[in-house]
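Listed below, chain by chain, are the residues.
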Amino acid sequence: MFPERHHSAADQHPVVTAAVWILIGFTSVGPVGTTTVRGDDEFPRSEVIDWTSWRTSPIDLVLNETDVLRHRHPLFDDDERTFLESFLEQIDDRRRMVRQMHPGRSAAVWEDAFYRFSELRRAAWEAGSLTIRGMAAVAGPPDPFRDRDDPDTSPGPVLNRYSLTADIRSHPEHFVGRPVVFRGLLRRESSDSDRSRTAVLQTSDRAAIRSLTFGELFPLDDADAPSLAMVCTSGVEFADDDGIRSWPGRLMTLPVLVKGWVVKLWDHRPLIYCEAVREISVHPHRHLIRRHTVSERRLLDEESWIFYETLQGLQDWDRFLQSGFPSARRAPSHRRAADAFLKQRLDTLRRDMAAKAVEEEARLKQQFDSGHLTALQFHQEQWRLNRLWQLRDRRYRDAVQDPGRFDTFVDLFMNPDAWQGRLVTLRGHVRHVMSYPADHPSFSGRRLHELWLFTADSQNNPAVIVSTHVPEEFPTEADIIDHVTVTGCVFKRYVYRSQDASRIAPLILTDHVTWTPDTNEILELAAEGHLPAGSVLVRQAQRGVSDRQSGLALLLVSSGAVLAVVILWGQSERERRQRRHLFRRMAGEPQFESFVEDQYAARPSDYTAGYDV
């Protein structure tokens, strides 16, 4: 689906790979006061890079007088507030520069740039050029004689896994003014803390500084983990709204994407300034998708950032649902959100049908009043319209009761604007699967999977699915894979090349694919060699068949045994009844008892004389 990827020798070396990725199509800015266009071979090796003066992206800030920053100290002093003002001014300058240098694609350049510095740091660490230490383990109670203003700088253990947070803690001076990306749950501080923090910045004349909201950022998937960073932001970019809004007063927690700049090490956490945090929601950012994609084209380079952030956002929401945060327990899944939108879409279609029926009725009445229709023609056409409305209304009611009966693919294909950026659930079979490495830093070392999904109403037209995961043992080489369900975001109308011509298909992004094969499908795939004989699915299917066969044999044997027991029991009962009947006849015992006076008592039968009855 996507353009072919050619791997060069640089791909084998992580530092060179990162440097090439950073510099392709980018005019880099050298030390302060100089601007140069550098080729890949001119880029300095990571072990000799002066991290405090080299820009690796167009939005890196190269700041003077960073020695005024008191790393590992919370809050700001007067010198740091002055530094923060120049910090924000340079961000504005960089934005204006990017817009001037990259007209038409400034958003893509800006959004992509946030990943570049941390990617180069990771590559340098993997090459052994950086040492990163974790938090120092403190044994016993805190030192009562240690000054609270004296930061704890005792070194921690050397890490064997890269961590951006740990890198910033180990080398805060390298990260000042560098763009970084974090994802997590932002807990806004209480109003009292907000007032105290805002008061610290009240002396500035810049409104943006006075309106900063502070909060702690926690991992999305672990409610008990320590915080990742402190975040100060001017607003929130909500998924269901176009534009940036100030932080709502009552909203205390929010899953967010933070794309900002490191200010300083605030206590033991990095302080990140973000112009506006981007909400992570069950719904994708529809307005960003519509604004930054071009439909009926292949995937463009300018769309790459929103393509990957939409994929990552789908994954992040699932991580948040499993985190244990109280707000996550009430949050809907993607499937529920897709079902809700389908219901909303059906209601919209029914209102449109009702409005169209009224319009056609008025047009018909106008034609009759103007004499263009006879009374018979009017009544015939009126009956036809009423009949058509009843059929459409019945289809709507059937679809509300069973959404599977609605031709979702047809509506998606015919009304793309209504679906772009929305969640949809499609069910059908897959005829084509292709996997390839993702080419974005946030997906480093991971693969994407492209599937062509055909539904019952797609009329042999596929929906192109791009997923970050496929089920274990998914038979990617099979000609047809049945019982596949996908819930994802409708990204855009995508142009792909078929055997005869270029065609259009909806491009849907998802974080997982659901496959629920039955026993017959599993055994057929195993017989064709698409599933290994020792796979879990095949063993379960074979065990199921064996259990059914054993169960059938056991049922037959059990039925035969029960039938034999019933026959023998019936024969025994008949013999016992016959013996009892014969005995009663011999004993003269009445069929029922009648109590009478002694003088009227019947004499024992002659047959019972001498018997104890």
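Nothing here was measured: the structure is a model prediction, and the numbers come from that model. (Residues numbered from 1 in each chain as written. Predicted model: local features only at pLDDT ≥ 70, side-chain atom pairs only at ≥ 80, totals over all residues. Heavy atoms only, no water.)

**Digging into unusual backbone geometry**
Moving on, step 1. Here Glu 65, not a glycine, exhibits a phi torsion of approximately 55 degrees, which is positive.
Moving on, step 2. Position of Glu 65 relative to the elements: it lies in the loop between helix H1 (14–23) and helix H2 (78–101).
Moving on, step 3. A relative accessible area of 61% places Glu 65 in the exposed class.
Moving on, step 4. A positive phi angle is found at Gln 459, which is not glycine, with a value near 55 degrees.
Moving on, step 5. Position of Gln 459 relative to the elements: it lies in the loop between strand E9 (447–455) and strand E10 (463–467). (Helix = DSSP H or I, 4+ residues; strand = E, 2+ residues; numbered from the N terminus. Buried < 20%, exposed > 50% of the residue type's maximum accessible area, 1.4 Å probe, protein only.)

**Observations concerning the pairing of strand E2 (residues 213–218)**
Moving on, step 1. For E2, the buried fraction is high: 5 of the 6 residues fall into the buried class.
Moving on, step 2. Here strand E1 (residues 179–188) pairs with E2 via 4 bridges, running antiparallel. Within E2, the residue paired with Arg 187 across the bridge is Glu 216. (Pairing = 2+ DSSP bridges.)

**Remarks on the confidence of the model for the protein**
Moving on, step 1. In the predicted model, the protein carries a mean pLDDT of 79, and the fraction of residues at 70 or more is 73%.
Moving on, step 2. Mean pLDDT values for the elements of the protein range from 42 in H1 up to 97 in E10.
Moving on, step 3. Predicted confidence for residues 1–46 stays below pLDDT 50, and this span has 86 contacts to residues more than four positions away or in other chains.
Moving on, step 4. Between residues 549–554, whose pLDDT stays under 50, and residues either more than four places distant or in other chains, the model counts 0 contacts. (pLDDT = per-residue confidence, 0-100. Contact = heavy atoms within 4.5 Å.)

**As for the pattern of salt bridges**
Moving on, step 1. The final tally for this structure, using the stated rule, is 29 salt bridges.
Moving on, step 2. Measuring nitrogen to oxygen at the nearest pair gives 3.2 Å for the salt bridge that ties Arg 319 to Asp 316. One end of the pair is Arg 319 and the other is Asp 316, both in helix H10 (residues 304–321) and 3 residues apart, which spans about a single turn.
Moving on, step 3. A relative accessible area of 29% means that Arg 319 is categorised as partly exposed.
Moving on, step 4. Looking at Asp 316, the relative accessible area reads 1%, which means it is buried.
Moving on, step 5. We note a salt bridge from Arg 345 to Asp 411, for which the minimum N-O separation is 2.8 Å. (Salt bridge = Lys/Arg side-chain N within 4 Å of Asp/Glu carboxyl O.)

**Considerations on the environment of Leu 120**
Moving on, step 1. Relative to the elements of secondary structure, Leu 120 occurs in helix H4 (residues 116–126).
Moving on, step 2. Classification of Leu 120 as buried rests on a relative accessible area of 0%.
Moving on, step 3. The sequence separation of Leu 120 and Pro 441 amounts to 321 residues, and the corresponding C-alpha distance is 9.8 Å.

**What to know about the nonpolar core**
Moving on, step 1. In terms of nonpolar packing, the biggest core is built from 67 residues, with Phe 87, Trp 261, Tyr 273, Phe 307 and Leu 448 touching the most fellow members.
Moving on, step 2. Among the elements that line this core, the one with the most residues is H10, at 8 residues.
Moving on, step 3. Beyond its immediate sequence surroundings of up to four residues, Leu 448 is in contact with Phe 307, Tyr 308, Leu 311, Met 434, Ser 435, Tyr 436, Ala 438, Phe 443, Val 466, Ser 467 and Thr 468.
Moving on, step 4. Among the nonpolar cores identified, the runner-up in size contains 32 residues, and Phe 409, Leu 412, Leu 426 and Val 430 belong to it. (Core = buried A, V, L, I, M, F, W, Y, C linked by side-chain atoms within 4.5 Å.)

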